[in-house]
Structures are given as C-alpha cells and as structure tokens.
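Read off the chains here:
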Amino acid sequence: MLWPPVDPALVDAGREGELAVARTRIAIVALLALNPAVALVRFPDPTAASLTLVIEILFLALAVTVLQLARRHPPVPWLGFAAAALDVSFVTAYFAMAGVGASAIFTLFGINPQAAFALYVVAILATSLRNDARIPTFAGVLAAIAWSALGEVFRRGEGVAILEALVVIGAATMLARIIASHARRLQLSSIRDNLTGLLTRAHFEERLAMELMRSSRTHRPLALAIVDVDQFKRVNDTAGHLAGDEVLREVAARLTRTVRRSDLCARFGGDEFALAFIDTSVVDAAARLEEIRQTVSATPIPLRIQAVVTITCSAGVAVSPLDGEHATTLIGIADARLLAAKSAGRDRLMVAG
C-alpha cells in the first residue's frame, strides 16, 4: 500500500528514531554553517556569505525546535512530515544560495554541487528511522519537486543532471520505504500481541511508566485496570483451545471499541487484559469499567463449532496518585483487587475504597 495507515503504537515506538535524526540534523546544520562564517572573513564581498549564514542560523533554530518537539510525550504525530520537509527545504536552500552567487562558498571548501546533492539522499534515507513508510514517500516527492525547480540553476552543466538526480531520488525513496516497512513489521511483532492485536505486556508496562511520569508532571490522575475473563479455563476444557482463542480475540475487540484512542489496552497474559485510562479519576474509571464489563458480557460470542458462549469478566482498579505513582505498585494493587473481585463472586469490579 502506497499510503498505509500508521499504528498509534508505532508513532510512539518511532520516537527514538525521531530523536536520533533531530540530533544529527543539528550537527549537520551547525557544521555547514561554518562555511559562510569563514567565508565572511576571507571574501571581500560578504553579501552572499552573510545571506547563507542567516539562512543556516534560521534552519539551526528550526532544527532545535524539532528536537524539543521530538522529546514531547505523547509524540507529535505530524512531526515526521514536518521534519522531512525541513530537511528537504534546507538542502534546497543550500543549492539556491549557489544559484544566486554564493557558489564561491562551495569552491572555498572543496564542496561541489554533486557532493552536496547527496544531502537529498541523506534526508530521504533518514526518514526510514520513523517506522512510517508514508514519510519517505512524502520526502521523496518533495525532493523531486524541489530539484526539478532548481534544474534551471544548474542547466549550464555544473550540477547533477535533472533526470539522473530524479532517478537517484526515486531509488533513495524506494529504499527508505523498504527499510521503514521492514522496521514497521519488526516493531509490530514486538509491541502487538499476535493473537489479539493488543499491546504486549512489555510494551504496555513501558508506556505505562512514561504516562505515569507525565501524570506526575501534570498532576492529572491515571487509572489502571486489570481485567480477567471469568472461568476462562472452562471454555478451553469444554470447547477447545481454538474456541478459547476466538473468545480472547472477541474480548479484545470489544475492549478496543470501548476505550479511547489515548488509552492503553494490552493483553497482560493468558486471559488477563490491562487497561490504562489517561487523565481519568477513580470515579470516572469505575464508571467506564462498569460499561466495559457490561459490554463484554452483553452479547454471546458465536464460535466456529456452531456454539455460542456467554462470558463475564472481573476487574481490579488502581489509580495514581491515590494508590501510588509507580507502575509496579499500581499493577500489584490492581491485581490484588482483581483477586478480591473474583473471590467476591466474579462478574464485578473492585476499586479503591
């Protein structure tokens, strides 16, 4: 698919790649800014060098802004596109300076336009670190348009031929898409449960720790619930493990339809699921868990063996900061309350107080 939808979990997983690219961008722009800075001293006519230096200082400020945005949590979903546009724009501006009289800067430092053209390829390949194949496509199209627009500047034969450059840009775009797609599949296998499609326990706990840190900074509550399918072993014993898998998939689907996009939903192990409700008080969490409990048990689940099964679930709820501010503490309290709910007769939830 040319423009595949991106998994919200992948946006978060690509954050480290975005940070790495942001730091590299600052380093490259800062190094290239040395060219016009030295040229201001060595050239009698500093106009072109001054203009180039001003533009590079502007891009350096933008690069620092991108780094700050990349550190935000939750991640900014459009940041990858904006950063790719910044990279392509910087390379285009660098070439434009050569076209308006700053080409002496290239000569002074032994940089020719053919070598500088490689920055387009670097900008495109860097997008593959974000696990989103749409961003390389965006960067490649933008670079092709920009280079075509600059074609008249280098038509005298000094620069890279337009057609040859477009072939290189196209090849870089395809390679970046392949890398991003492959990384996407690997990331999905590590953060999504194969049976239910929910987050894995390891990734859930990692995200939960990050959300708890944000909750501590913003002084907003966070509710954690552990949900267990009541008497799930009976389904396996009477209908078989394949039927049990069907039940788990359907429960996961009902949970996914009930929670908000900003919430976290994971398969915690076996027939247990974990939910993290962001910016949610204990009262609101109890209300939402009661709705989820009724949703899970409301409709019988049809099985392939031409049978239906009605299930119920129990849940234990812990809320930060009321019950603690660390993931392990909240998980332990929620699990203890889940056991209390099952001991009290199942098909119910247990919350603080």
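Residues numbered from 1 in each chain as written. Predicted model: local features only at pLDDT ≥ 70, side-chain atom pairs only at ≥ 80, totals over all residues. Heavy atoms only, no water.

1. With respect to the overall build of the chain
1) Next: Broken down by element type, the chain carries 13 helices and seven strands.
2) Next: Per-residue burial over the chain gives 48% buried out of 353 residues.
3) Next: Considering only contacts within the chain whose residues lie at least 6 apart along the sequence, 71% involve residues at least 24 apart.
4) Next: Accessible area of the chain: about 16,900 Å², with a carbon and sulfur share of 62%. (Helix = DSSP H or I, 4+ residues; strand = E, 2+ residues; numbered from the N terminus. Buried < 20%, exposed > 50% of the residue type's maximum accessible area, 1.4 Å probe, protein only. Contact = heavy atoms within 4.5 Å. Areas by Shrake-Rupley, 256 points an atom, 1.4 Å probe, with all protein chains shown as cover.)

2. Details of the layout of surface pockets
1) Next: A volume near 240 Å³ is recorded for the second largest pocket.
2) Next: Lining the second largest pocket are 17 residues, with Arg25, Ile28, Asp87, Val122 and Ala123 positioned closest to its centre.
3) Next: The element that contributes the greatest number of residues to the lining of the second largest pocket is helix α2 (residues 15–32), accounting for seven residues.
4) Next: Residues of the lining of the second largest pocket, tallied by class, amount to 14 nonpolar, one polar and two charged. (1 Å grid on protein atoms, 1.4 Å probe; cavity = no way out; pocket = protein on both sides within 12 Å on 5 of 7 lines; lining within 4 Å. Points joined across faces, edges and corners; volume = space filled by probe spheres on them. Nonpolar A, V, L, I, M, F, W, Y, C, P; charged D, E, K, R; others polar.)

3. Some points on helix α8 (residues 162–191)
1) Next: Taking 1.5 Å as the rise per residue, α8 with 30 residues should run 44 Å; its terminal C-alpha atoms sit 42 Å apart, in good agreement.
2) Next: Those residues of α8 not exposed but buried are Ala165, Ile169, Ala172, Thr173, Ala176, Arg177, Ala180, Ala183 and Ile191. (Expected span 1.5 Å × (residues − 1).)

4. Structural notes on the environment of Ala83
1) Next: Mapped onto the fold, Ala83 is located in helix α5 (residues 79–108).
2) Next: Discounting chain neighbours no more than four positions away, the residues touching Ala83 are Glu18, Arg25, Val66 and Arg130.

5. Details of the pairing of strand β1 (residues 222–229)
1) Next: With eight of eight residues buried, β1 is to be regarded as a mostly interior element.
2) Next: Alternating positions in β1 separate into two faces, Leu222, Leu224, Ile226 and Asp228 on one and Ala223, Ala225, Val227 and Val229 on the other, with burial throughout.
3) Next: The pairing of β1 with strand β3 (residues 272–278) spans seven bridges and is antiparallel. If you follow Ile226 over to β3, its bridge partner there is Ala274.
4) Next: Where β1 meets strand β6 (residues 313–320), eight bridges bridge the pair, whose relative direction is antiparallel. Across the sheet, residue Leu224 finds its bridge partner in β6, namely Ala318. (Pairing = 2+ DSSP bridges.)

6. Notes on the pattern of salt bridges
1) Next: By the definition in use, this model includes 17 salt bridges.
2) Next: The residue Arg293 makes a salt bridge to Glu290 at a minimum N-O spacing of 2.4 Å. Of the two residues, Arg293 and Glu290 are both situated in helix α12 (residues 282–298); the distance of three residues between them amounts to about one turn of the helix.
3) Next: Accessibility expressed as a relative area gives 26% for Glu290, which makes it partly exposed. (Salt bridge = Lys/Arg side-chain N within 4 Å of Asp/Glu carboxyl O.)

7. Things to note about the nonpolar core
1) Next: In this structure, Val247, Phe273, Leu275, Phe277 and Leu289 are the most contacted members of the largest nonpolar core, which totals 32 residues.
2) Next: Broken down by element, the residue count for this core peaks at six residues, all from helix α11 (residues 241–258).
3) Next: The next biggest cluster of nonpolar side chains, apart from the first, holds 19 residues, and it includes Leu224, Phe268, Ile278 and Leu330. (Core = buried A, V, L, I, M, F, W, Y, C linked by side-chain atoms within 4.5 Å.)

8. Regarding the side chain of Ser215
1) Next: Looking at where Ser215 falls in the secondary structure, it is placed in helix α9 (residues 201–218).
2) Next: Residue Ser215 is classed as buried on the basis of its relative accessible area of 6%.

9. As for the confidence of the model for the chain
1) Next: In the predicted model, the chain carries a mean pLDDT of 81, and 81% of its residues have values of at least 70.
2) Next: Confidence, read as mean pLDDT per element, is least for helix α1 (residues 8–13) in the chain (62) and greatest for β3 (93). (pLDDT = per-residue confidence, 0-100.)

10. So, the packing of aromatic side chains
1) Next: This structure, assessed with the given rule, holds four aromatic pairs.
2) Next: Aromatic side chains Phe59 and Phe90 sit 5.2 Å apart centroid to centroid with 70 degrees between the ring planes, which places their arrangement in the edge-to-face category. You can see Phe59 sitting in helix α4 (residues 47–70) and its partner Phe90 sitting in helix α5, a full 31 residues away along the chain.
3) Next: Judged by relative accessible area, which is 11%, Phe59 ranks as buried.
4) Next: Among the residues examined, Phe90 registers a relative accessible area of 6% and is labelled buried.
5) Next: Seen in terms of ring centroids, Phe204 and Phe268 are 6.1 Å apart; in terms of plane orientation they differ by 85 degrees. Their pairing is edge-to-face. (Phe/Tyr/Trp six-rings, centres within 6.5 Å; stacked < 30°, edge-to-face > 60°.)

11. Here's the deal with the side chain of Arg293
1) Next: Relative accessible area serves as the criterion here: at 15%, Arg293 is assigned to the buried category.
2) Next: Discounting residues that sit within four places of it in the chain, Arg293 has contacts with Cys313, Asp347 and Arg348.

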